[in-house]
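# Working through the structure, step by step
For reference, the chains in residue letters:
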Amino acid sequence: MDINSLIAQYGYAALILGSTAEGETVTLLGGIAAHQGLLKFPLVVLSVALGGMIGDQLLYLIGRRLSGSIAERFKKHKKKIIKAQDLINRHPYWFVIGSRFMYGFRVIGPILIGASHLPPKIFLPLNIVGALIWATIFTTLGYMGGEIVGPWLHNLDQHVKHGIWLVGVVAVVWLVRYGFKHRESKK
């Protein structure tokens, strides 16, 4: 079984799982796979949106559970946390959708949103909208990047074989060198 058939068979499940924990890289790779015809573009968008939404929903629930103690747990960042929670309360719609795009807020954003007591009936629809926007943008970027990466991917199996040979040659050279050094140290 080659890598392309693995992607075609398990790609959507891998995208859901991967985008639950880490989103952009997995989403870009999904877009590249869609460009190569291994996966369907709309299903890639839906898969990564679902994974991203699930991940953020879980982090939001953790934030709700830790709400009273989050600023106390991170005393060093207490001012920043209070400032972020104030921003969440003033502009909840923009913050929920936008936190997905803010560097460094991918994980902490939903936790802070949950800790700010934003009601679930507001967070959930915004989380869905944000996940769909985010998934569409990054899948599209990956799809466009597939034009550049595509020719290299078609020869991936050959590249892997070359890589294995390269690692093997480096290992043999290292072992020979180690053998000579070991022999010299005995003399």
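Calculation rules
- Residues numbered from 1 in each chain as written.
- Predicted model: local features only at pLDDT ≥ 70, side-chain atom pairs only at ≥ 80, totals over all residues.
- Heavy atoms only, no water.
- Helix = DSSP H or I, 4+ residues; strand = E, 2+ residues; numbered from the N terminus.
- Buried < 20%, exposed > 50% of the residue type's maximum accessible area, 1.4 Å probe, protein only.
- Contact = heavy atoms within 4.5 Å.
- Areas by Shrake-Rupley, 256 points an atom, 1.4 Å probe, with all protein chains shown as cover.
- Core = buried A, V, L, I, M, F, W, Y, C linked by side-chain atoms within 4.5 Å.
- Axes fitted to C-alpha atoms, helices over the stretch in contact; angles between N-to-C directions.
- Parallel < 35°, antiparallel > 145°, perpendicular 65-115°, else oblique.
- Left-handed = near helix turned anticlockwise from the far one by under 90°.
- pLDDT = per-residue confidence, 0-100.
- 1 Å grid on protein atoms, 1.4 Å probe; cavity = no way out; pocket = protein on both sides within 12 Å on 5 of 7 lines; lining within 4 Å.
- Points joined across faces, edges and corners; volume = space filled by probe spheres on them.
- Nonpolar A, V, L, I, M, F, W, Y, C, P; charged D, E, K, R; others polar.
- Salt bridge = Lys/Arg side-chain N within 4 Å of Asp/Glu carboxyl O.

## Notes on the overall build of the protein chain
Counting its regular elements, the protein chain contains nine helices and zero strands. Sequence-ordered secondary structure for the protein chain, helices as α and strands as β, is α-α-α-α-α-α-α-α-α. Burial analysis of the protein chain (187 residues in total) assigns 35% to the buried set. Pairs at least 24 apart in sequence give 80% of the contacts found in the protein chain among residues at least 6 apart. Total accessible area computed for the protein chain in this model is approximately 12000 Å², and 70% of it derives from carbon and sulfur atoms.

## Some points on the nonpolar core
Core analysis: the biggest nonpolar cluster contains 14 residues, and Leu15, Leu39, Val44 and Ala135 have the highest contact counts within it. Sort the elements by how many residues they give to this core and helix H3 (residues 41-66) lands first, with five residues. Apart from the residues within four sequence positions on either side, Leu39 is in contact with Ile7, Ala8, Gly11, Tyr12, Leu15, Ala33, Ala34 and Val44.

## Some words on the packing of helix H1 (residues 3-21) against helix H2 (residues 24-35)
When two helices pack together, their arrangement is captured by the angle between the axes and the distance separating the axes. The N-to-C vectors of H1 and H2 enclose an angle of 155°; their axes lie 9 Å apart at closest approach. Considering the angle they form, H1 stands roughly antiparallel to H2. Crossing handedness for the pair H1 and H2: left-handed. Residues Ile7, Ala14, Leu15, Gly18 and Ser19 of H1 form the contact with H2, whose participating residues are Val26, Gly30 and Ala33.

## A few points about the confidence of the model for the protein chain
For the protein chain, the mean per-residue pLDDT works out to 83, and 87% of the residues sit at or above 70. At the level of individual helices and strands, the protein chain shows its lowest average pLDDT in helix H4 (residues 70-73), which scores 65, and its highest in H3, which scores 92.

## Describing the layout of surface pockets
Estimated volume of the second largest pocket: approximately 210 Å³. Lining the second largest pocket we find Phe74, His77, Lys80, Ile81, Lys83, Ala84, Leu87, Phe95, Phe105, Ile108 and Leu112. Elements supplying a minimum of two residues to the lining of the second largest pocket: helix H5 (78-90) and helix H7 (108-115). Counting residues per element, the lining of the second largest pocket draws most heavily on H5, at five residues. Looking at the lining of the second largest pocket, its residues break down into eight nonpolar, one polar and two charged.

## Thoughts on H7
Most of H7 sits inside the fold, with seven of its eight residues counted as buried. Those residues of H7 lying buried are Gly109, Pro110, Ile111, Leu112, Ile113, Gly114 and Ala115. Backbone geometry just downstream of H7 places His117 in the positive-phi region, at approximately 70°.

## Let's talk about the pattern of salt bridges
Under the definition given, this model contains two salt bridges. Salt-bridge contacts for Asp56 lead to Arg100; the nearest nitrogen and oxygen are separated by 2.9 Å. One end of the pair, Asp56, is in helix H3; the other, Arg100, is in the loop between helix H6 (92-98) and H7, with 44 residues separating them in the sequence. Each member of the pair, Asp56 together with Arg100, is buried. Ionic pairing is found between Asp86 and Arg90, a salt bridge with its closest N-O pair at 3.2 Å. Remark: Arg90 and Asp86 occur in helix H5; sequence separation between them is four residues, near one turn of the helix.

## Section: unusual backbone geometry
Not every positive phi belongs to a glycine, and His117 is a case in point at roughly 70°. Structurally, His117 is set in the loop between H7 and helix H8 (120-154).

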